[in-house]
Amino acid sequence: MHDIRHLLPSSEAKFKDSGITKAGELLKAWNGSPASGIGLIGAPLSKTSISHSGAAMAPEVIRKMLSSFTTYSVERDLDLESSIITDFGDITPHVTDIHETRSRFVQVIQEVLERNPDIVPVILGGDHSISASSIKAFRKNKGPVGVIQFDAHHDLRNLGDGGPSNGTPFRQLIEGTDIKGEHLIQIGIRDFSNGRMYTNYAKENGITVYSMNEVSRLGTKKILEESIRTLKSKVSSIYVSVDMDVLDQAYAPGCPAIGPGGMTSEALIQGIQYLSACPEVKGMDIVEVDPTLDFRDMTSRLSAYLILQFLLHRASYKEKNHPEE
């Protein structure tokens, strides 16, 4: 039988022959030199999840899902094929010591930011506990920070009840004086998903809370316009924390804490598009994706799509406002 393998090119070769670049090809491992643009840092931790979670596997799968997309934006008629997403890899957690893992996350993220002052970090969790470390490192590097949190839950649990977990990060940050309550804006808090004590804590500490009813009534963009206006006069930079369970369970089956009544994927995408074009926004995380629970990688795929939208609208903003760069 004749060897016909040369007549059956791989799918990758087909794309290259047709002039199509896959978004996964934008990932370039950090070579140690100062980088700029978007940078990915994996924080693979889910031992601190209140519910069972395989979210530690998410960074690897989200990177893989980038290759589900091309680099060309039909909406903007812009091809990102010449863009680079610097991949700093995953931070290695300690096998048993959660406090040591948190310290490593702070140390590594802070060092990455110090050595790469022009990078815009996108931290891939992991469960939401990683935000306590990433925002702490971000504050040490960037100064006073405001946080816009997309989430179904307040994540303001008492640390005395079980220690740091994915239910405590923003209480940790407030009580550790890394952020002020008045500099935290929570968007998408969902009915029958939180306790009264956490609502009371939010009120007592000046946290701005938009419930899902308010998101539906006011619209994501209006809320974000007001949020940016409020924060930018008070802080040096803004960090966006995206807990994927802010989405309705129909859009994010790969979240450990799925539930009805959440945001649509379109609303979240539009929110990230708006925020990525705000120069005050200088960092983001994406958390609470469990690939072991996902259906056809829907949630990981959407996470990768958010990264591309962040990259696209950041690039469009710079091209429009700073064409010389």
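Residues numbered from 1 in each chain as written. Predicted model: local features only at pLDDT ≥ 70, side-chain atom pairs only at ≥ 80, totals over all residues. Heavy atoms only, no water.

Visitor: How should I be thinking about the overall build of the chain in this particular structure?
Guide: Of regular secondary structure, the chain possesses 10 helices and 11 strands. Relative to its length of 325 residues, the chain is compact, with a C-alpha radius of gyration of 20 Å against a globular reference of 20 Å. Summarising its shape, the C-alpha atoms of the chain cover approximately 75 × 50 × 40 Å along the three principal directions. Buried residues in the chain amount to 52% of all 325 residues. Counting contacts in the chain only where the partners sit at least 6 residues apart, residues at least 24 apart contribute 79% of the total. As presented, the chain carries roughly 15,200 Å² of accessible surface, and 50% of it is formed by carbon and sulfur atoms. (Helix = DSSP H or I, 4+ residues; strand = E, 2+ residues; numbered from the N terminus. Rg over C-alpha atoms; globule rule 2.2 N^0.38 Å. Buried < 20%, exposed > 50% of the residue type's maximum accessible area, 1.4 Å probe, protein only. Contact = heavy atoms within 4.5 Å. Areas by Shrake-Rupley, 256 points an atom, 1.4 Å probe, with all protein chains shown as cover.)

Visitor: How should I be thinking about the side chain of T86 in this particular structure?
Guide: Inspection of the secondary structure puts T86 in strand β5 (residues 85-90). According to the relative accessible area criterion, T86 is buried, its value standing at 6%. Setting aside its immediate chain neighbours within four residues, T86 contacts K28, W30, A35, S36, I38, G39, L40 and I119.

Visitor: How should the packing of helix α8 (residues 220-232) against helix α9 (residues 265-276) be read in this particular structure?
Guide: A pair of packed helices is characterised by two quantities: the angle between their axes and the separation of those axes. Contact geometry of α8 with α9 gives a least axis separation of 9 Å together with a crossing angle of 30°. Crossing of α8 over α9 shows right-handed handedness. The segment α8 lies against α9, with T220, K221, L224, E225 and I228 engaging A267, G271, Y274 and L275. Counted by class, the contact of α8 with α9 contains 5 nonpolar, 2 polar and 2 charged residues. (Axes fitted to C-alpha atoms, helices over the stretch in contact; angles between N-to-C directions. Left-handed = near helix turned anticlockwise from the far one by under 90°. Nonpolar A, V, L, I, M, F, W, Y, C, P; charged D, E, K, R; others polar.)

Visitor: Is there a simple way to think about the environment of T230 in this case?
Guide: By secondary structure assignment, the location of T230 is in helix α8. Accessibility expressed as a relative area gives 25% for T230, which makes it partly exposed. A C-alpha to C-alpha distance of 9.6 Å links T230 and G146, two positions 84 residues apart in sequence. Within polar-contact distance, the side chain of T230 engages the backbone oxygen of E226 at 2.9 Å. (Polar contact = N/O pair within 3.5 Å; in protein donor to acceptor, adjacent residues only side chain to side chain.)

Visitor: Explain unusual backbone geometry to me, please; I cannot follow it from the model alone.
Guide: Leaving glycine out, the prevailing phi sign among residues is negative, and the prevailing peptide bond configuration is trans. That bond from G125 to G126 is cis: its omega, 15°, falls within 30 degrees of zero. With respect to the helices and strands, the residue G126 is situated in the loop between β6 (118-125) and α4 (130-142). You will see that D155, though not glycine, has its phi angle at about 55°, which is positive. Take D155: it is sitting in the loop between β7 (145-150) and α5 (169-175). You can call D155 buried: its relative accessible area is 8%. Of note in the backbone geometry, R296 takes a positive phi value of approximately 50° without being a glycine. In this fold, R296 is placed in the loop between β11 (281-287) and α10 (298-321).

Visitor: Which parts of the structure should I look at to understand the packing of aromatic side chains?
Guide: Any aromatic ring pair is given by two values, namely how distant the centres are and how the planes are angled relative to each other. Enumeration according to the criterion identifies 3 aromatic pairs in this entry. A ring pair is formed by W30 and F88, whose centres lie 5.2 Å apart and whose planes are at 50°; its orientation type is tilted. Residue W30 is located in the loop between β1 (27-29) and β2 (36-43), and its partner F88 is located in strand β5; the two are separated by 58 residues in the primary sequence. Where F138 meets Y239, the ring centres are 5.2 Å apart and the plane angle is 70°; that geometry is what we call edge-to-face. In this pair, F138 is assigned in helix α4 and Y239 in strand β10 (residues 237-243), connecting sequence segments 101 residues apart. The pair formed by F138 and Y239 is uniform in burial state, with each residue classed as buried. (Phe/Tyr/Trp six-rings, centres within 6.5 Å; stacked < 30°, edge-to-face > 60°.)

Visitor: What is the right way to read helix α2 (residues 58-65) from this model?
Guide: Along an α-helix, residues three or four positions apart point the same way, because every turn accommodates 3.6 residues. Of all 8 residues that make up α2, 6 are buried, and the element is covered over most of its length. Taken together, the buried positions of α2 are occupied by A58, P59, V61, I62, R63 and M65.

Visitor: I keep staring at the layout of surface pockets and nothing clicks. Help me out?
Guide: The method is simple in principle: a probe with the dimensions of a water molecule rolls over the atoms, and the space it marks as empty is what remains. Approximately 380 Å³ is the volume attributed to the second largest pocket. Residue lining of the second largest pocket: 19 residues in total, with Y72, S73, Y305, Q309 and L312 positioned closest to the centre. Residue assignment for the lining of the second largest pocket shows that the elements contributing at least two residues are β3 (72-73), α9 and α10. Ranked by the residues each element gives to the lining of the second largest pocket, the list is headed by α10, at 5 residues. (1 Å grid on protein atoms, 1.4 Å probe; cavity = no way out; pocket = protein on both sides within 12 Å on 5 of 7 lines; lining within 4 Å. Points joined across faces, edges and corners; volume = space filled by probe spheres on them.)

Visitor: Would you explain the nonpolar core in this entry?
Guide: What tends to happen in soluble globular proteins is that the nonpolar side chains get buried as a cluster. In terms of nonpolar packing, the biggest core is built from 55 residues, with F150, V242, M244 and L268 touching the most fellow members. Of the residues forming this core, the biggest block, 8 residues, is contributed by α10. Not counting the four nearest positions on each side in its chain, V242 is found in contact with F150, L268, I272, M284, D285, I286, V287 and L306. Ranked by size, the runner-up nonpolar core spans 30 residues in total, among them I130, F170, L184 and A202. (Core = buried A, V, L, I, M, F, W, Y, C linked by side-chain atoms within 4.5 Å.)

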